[in-house]
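Overview (structure and organization)
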Amino acid sequence: MDAADFAISPLIEPRVEEGSKDRTMVLNMGPQHPSTHGVLRLVLEIDGETVLRLVPDIGFLHTGIEKTCEAKFYQQVVPLTDRIDYLSPMSNNLCYCLAVEKLLQLEIPPRAQWLRVLLNELTRLQSHLVWLGTHAMDIGALTLFLYTFREREEILKIFEDVSGQRMMGSYFRVGGIALEPPVNFHERVQNLLKMMPERIDEYENLLNGNPIWMSRLKGVGYLSAADAIALGVTGPPLRASGVDWDLRRDMPYSSYEKFQFKVPVSDVGDVWTRYLLRVEEMRESVKICQQALDGMPQGPLKANAPKVVLPDREKMKTQMESLIYHFKIVTEGFAVPAGQVYQAIESPRGEMGYFVVSDGTAKPYRVHMRNPTFASLQALETMCVGRLLADVVAVIGSIDIVLGEIDR
Amino acid sequence: MDAPNERDAVLQAHAQNHAIAALLAVKPACIVNARFDCGELTLWIARDDIRPVCRTLQKAGYNFLVDVTCVDWYPSEPRFQVTYHLLSHSLKQRLRLCVMVDSLDTEVASITPEWPSANFYEREVWDLFGVRFGGHPNLRRIMLPDEWEGHPLRKDYPVEGYR
């Protein structure tokens, strides 16, 4: 096939303005553009500096993960879920595991649930840190990036401690958690949590009073509550538009109902509000982590389901039965009762959902991911039309876009 | 999927459910099948009724369209199960709607007039499954290049692709 066969289509054509000899201009932005946070291509029709239309073109990162899932055993899908949203791998792990556990009707021990909550909130923290750093960098406040990545590094070190990997941990398994956390885990998380509130103040000191930051963000990218719901927006942008909805509180999963936290809401609906809410969310995440750490129950980390959960290494080497189960799970996987489930969690970016269909075999018949920013991307045009071209960059940052999960 | 039709039993057991009450009041025949499994309610809707059903449910409080996707039950017919996930913020309830589509006549009415967010979801289903959505404003491929042949998430499409 020729290269010309795969030439990128122009999507929109320039138009002649009524009653004038001028034509509008079509501007291509991306896919290789630093402020599109990956490989997002936007085709913009502009009149001077005003955006008239905006068409997102996605799919540059499409790897067919949903198709790949159908060829893997249930436990082999976990590492794939990491790679969907590379900024919040643990949220993906959790959501997938919860969906399969729902099909299996597994009871997860409290300690595993609490550890999942703790790690998920740390994931939210580190994801918001990346967002804050890159969002500020898009606007031109380069310094903040260095500060947020300093703290993010600490969180990634904790992830490395527990799972052996900084980012793609695959630490959660169907039926519990893969490994015991290391001995100094409690202490490291405690140190981080002690430091975080002060550091969040530091970011706010750097940004809040900054006149450039304020004028670039305030009143930009307005989205009404009705539009947000109609366009499928979830997470912080939805709450910034005045819809008081957080799955952690309203449809709790993994013991979230046992934690006390506030859900910041505002009805201003601009980029500035989304920034404020996310920073507030980071403070709440720190509180949830502290509660999880202080109240961590004792007990096992894996469900009592020998046909699903791999046995401990020690048992596998000393007990015949465990060895058989180990062999069977690794070679044949585990069969999941036929059925369809949809499990959603509040990921750092909004409602992440896994729709898992089982036909009773050891491989999922269908795994579908509902990703928050795939939906939020549709609201981009509504937020940008009629505004200046430079605002598009601020708006993209404010929906915290991750192309890995949009394209899958 | 070959499963016993539990429609009447499920509808009776969940008569209090807002969605079921609203649909039974308007047009009981639109619910073809129903199931309650793992705490989730699924309603199979007659293909031609999906838009009116969505409108009715929107009025009944199911204000948010979470997702539209599809399952390919190849080689059984009807082959495609177009799946809609709805959410009600006020009731704190989820609902799944399914529409079964034949492989020879793969067209469902688009629900973009009810929920504009269906735009991308339906494009994705068209792209990866080849199910058409009638009345969709812009039914182009979304993930794959426009020139791509075939619909990769169909079960008769090899995992490694055609080489």
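Residues numbered from 1 in each chain as written. Chains lettered and ligands numbered in written order. Predicted model: local features only at pLDDT ≥ 70, side-chain atom pairs only at ≥ 80, totals over all residues. Heavy atoms only, no water.

**Considering the packing of aromatic side chains**
The following threshold applies: Any Phe, Tyr or Trp ring, taking Trp's six-membered ring, that has another such ring centre within 6.5 Å forms a pair; planes under 30 degrees apart are called stacked, those over 60 apart edge-to-face, and the others tilted. When accessible area is computed with a 1.4 Å probe and restricted to protein chains, residues below 20% of their type maximum are described as buried, those above 50% as exposed, and intermediate ones as partly exposed. A ring has a charge above it when a Lys NZ or an Arg CZ is no more than 6 Å from the ring centre and no more than 35 degrees off the ring normal.
Counting across every chain of the model gives 14 aromatic pairs over all chains. Here the aromatic rings of A:Tyr171 and A:Phe172 are separated by 6.2 Å at their centres, their planes lie at 40°, and the arrangement is tilted. A:Phe172 carries the same exposure label as A:Tyr171, and that label is buried. Through a chain of ring-to-ring contacts, the aromatic side chains of A:Trp114, A:Tyr253, A:Tyr256, A:Phe259 and A:Phe261 assemble into a single cluster. Stacked on the ring of A:Trp131, the Lys or Arg A:Arg278 has its end atom at 4.7 Å from the ring centre. B:Lys155 extends its terminal NZ or CZ atom over the ring of A:Tyr365, reaching a point 3.9 Å from the ring centre.

**A word on the domain arrangement of chain A**
Residues and elements named next belong to chain A. Applicable threshold: For the domain bounds, the source is a domain assignment made automatically or taken from a database. The contact definition used throughout considers only heavy atoms, calling two residues in contact when any of these lie within 4.5 Å. Two parts lose some accessible area (1.4 Å probe) when they are put together, and adding that loss for both gives the buried area. The rule for a salt bridge is simple: a side-chain nitrogen of Lys or Arg has to be within 4 Å of a carboxyl oxygen of Asp or Glu. We call two N or O atoms a polar contact when they sit within 3.5 Å, provided that within protein one can donate a hydrogen and the other can accept it, with sequence-adjacent residues counted only if both atoms are side-chain atoms. Helix and strand assignments come from DSSP, with helices taken as H or I runs of at least 4 residues and strands as E runs of at least 2, each series counted from the N terminus. Gly is put with the polar residues, along with every residue not named as nonpolar or charged; the nonpolar set is Ala, Val, Leu, Ile, Met, Phe, Trp, Tyr, Cys and Pro, and the charged set is Asp, Glu, Lys and Arg.
Here chain A is described as being made up of domain 1 (3–57) and domain 2 (107–333 + 387–403). The partner domain 2 presents 11 residues to the 16 residues of domain 1 that form the contact. For the pair domain 1 and domain 2, the two sides together bury roughly 1,100 Å², of which 71% comes from carbon and sulfur. Its largest share of buried area at the contact with domain 2, domain 1 owes to Ser35, His37 and Glu49, together 48% of the area lost on that side. Inspection of the domain 1/domain 2 interface yields 0 salt bridges. Applying the counting criterion to the domain 1 and domain 2 interface returns 2 residue pairs in polar contact (both at pLDDT 80 or more). Of all the secondary structure elements, the ones that give two or more residues to the side of domain 1 that touches domain 2 are strand E1 (25–29), strand E2 (41–47) and strand E3 (50–57). Among the residues forming the side of domain 1 that touches domain 2, the class breakdown is 10 nonpolar, 5 polar and 1 charged.

**Some points on the environment of A:Met195**
All names here are of chain A. Mapped onto the elements of the fold, Met195 is located in helix H6 (residues 185–207). Taking the C-alpha atoms as reference points, Met195 and Val402, separated by 207 residues in sequence, lie 27 Å from one another. Ignoring anything within four residues of it in the chain, the contact list for Met195 reads Glu151 and Glu154.

**Quick notes on the sheet that holds strand E6 (residues 339–347) of chain A**
All names here are of chain A. Operational definition: A pair of strands is labelled paired if DSSP reports no fewer than 2 bridges between them. All axes here are fitted lines through C-alpha atoms, helices being fitted over the stretch that makes contact, and every angle between N-to-C directions spans 0 to 180 degrees.
Overall, antiparallel pairing links the 3 strands, which are arranged E6-E7-E8 in an open sheet. This sheet does not close on itself; its edge strands, each paired only once, are E6 and strand E8 (366–370). Taken pair by pair, the neighbouring strands of this sheet meet at an average axis angle of 15°, ignoring direction. Relative to E8, strand E7 (residues 350–358) runs antiparallel, the two sharing 5 bridges. Residue Phe355 lies in a different strand from E8, and its bridge partner there is His368.

**Comments concerning the pairing of E6(A)**
Taken residue by residue, a regular strand's side chains alternate between the two faces of the sheet. Residues and elements named next belong to chain A. Across the 9 residues of E6, 9 count as buried, placing the element largely inside the fold. Side-chain alternation along E6 places Gly339, Val341, Gln343, Ile345 and Ser347 on one buried face and Gln340, Tyr342, Ala344 and Glu346 on a second face that is also buried. Pairing geometry for E6 and E7, over 9 bridges, is antiparallel. Directly across from Val341, in E7, lies its bridge partner Val356. Where E6 folds back on E7, the antiparallel hairpin that results is connected by 2 residues.

**A closer look at the sheet that holds strand E4 (residues 80–88) of chain B**
Residues and elements named next belong to chain B. Ordered in space as E1-E2-E5-E4-E3, the 5 strands form an open sheet in which the pairing is mixed. The open sheet terminates on both sides in strands that have one partner only, identified here as strand E1 (31–37) and strand E3 (64–72). Strand-to-strand, the axes of this sheet are offset by a mean angle of 20°, without reference to chain direction. Pairing of E3 with E4 involves 8 bridges; the strand directions are antiparallel. Among the inter-strand pairings, Asp67 is bridged to a residue of E4, identified as His85. Lying over the sheet, helix H3 (residues 50–59) contacts strand E2 (40–45), E4 and strand E5 (93–101), oriented at roughly 170° with respect to E5.

**Looking at the pairing of E2(B)**
Residues and elements named next belong to chain B. Along E2, 6 of the 6 residues are buried, which leaves the element largely enclosed by surrounding structure. The alternating pattern of E2 places Glu40, Thr42 and Trp44 on one face and Leu41, Leu43 and Ile45 on the opposite face, and all of these are buried. As paired elements, E1 and E2 share 6 bridges and run antiparallel to each other. For Phe36, the partnering residue across the bridge sits in E2 and is Leu41. Connecting the antiparallel pair E1 and E2 is a turn made up of 2 residues, with Cys38 showing a positive phi of about 50°. As paired strands, E2 and E5 are joined by 3 bridges and run parallel to one another.

**A short note on the interface of chain A and chain B**
Across the boundary between the two partners, chain A contributes 49 residues, which contact 48 residues of chain B. Summing both sides of the interface, chain A and chain B together bury roughly 4,000 Å²; the carbon and sulfur share of this comes to 60%. The largest contributions to the chain A side of the interface with chain B come from A:Lys67, A:Gln340 and A:Tyr365, which together make up 18% of the buried area. At the boundary of chain A with chain B, the tally comes to 5 salt bridges. Between B:Glu124 and A:Arg408 there is a salt bridge, and its shortest N-O distance comes to 2.4 Å. At the boundary of chain A and chain B, one finds 21 residue pairs in polar contact (both at pLDDT 80 or more). Among the elements that take part in the side of chain A that touches chain B, E6(A) stands out by supplying 5 residues, more than any other.

**Considering the environment of A:Tyr74**
Residue and element names in this part refer to chain A. Within the secondary structure, Tyr74 is located in the loop between helix H1 (65–69) and helix H2 (78–82). Exposure remark for Tyr74: the relative accessible area of 0% places this residue in the buried category. Sequence-wise, Tyr74 and Arg216 are 142 residues apart; in three dimensions their C-alpha atoms are separated by 46 Å. Look past the residues within four positions of Tyr74 in its chain and what remains in contact with it is Tyr96, Val100, Phe334, Val336, Val356, Val357, Ser358, Thr361, Ala362, Lys363, Pro364 and Tyr365. Here Ser358 takes part through its side chain, which lies 3.3 Å from a polar atom of the side chain of Tyr74.

**Points about the packing of helix H5 (residues 143–163) of chain A against H6(A)**
Residues and elements named next belong to chain A. Note the threshold: Oblique is the label for every angle not falling under 35 degrees (roughly parallel), over 145 degrees (roughly antiparallel), or within 65 to 115 degrees (roughly perpendicular). In a left-handed crossing the near helix is turned counterclockwise from the far helix by less than a right angle, and in a right-handed crossing that turn is clockwise.
Here H5 crosses H6 at 165°, and the two axes come no closer than 10 Å. Comparing their axes, H6 and H5 come out roughly antiparallel. Every pair of crossing elements has a handedness; the one defined by H5 and H6 is left-handed. Contacts between H5 and H6 pair Leu144, Tyr147, Thr148, Arg150, Glu151, Glu154, Ile155, Lys157, Ile158, Asp161 and Val162 from the former with Phe185, Arg188, Val189, Leu192, Met195, Met196, Arg199, Glu202, Tyr203, Leu206 and Leu207 from the latter.

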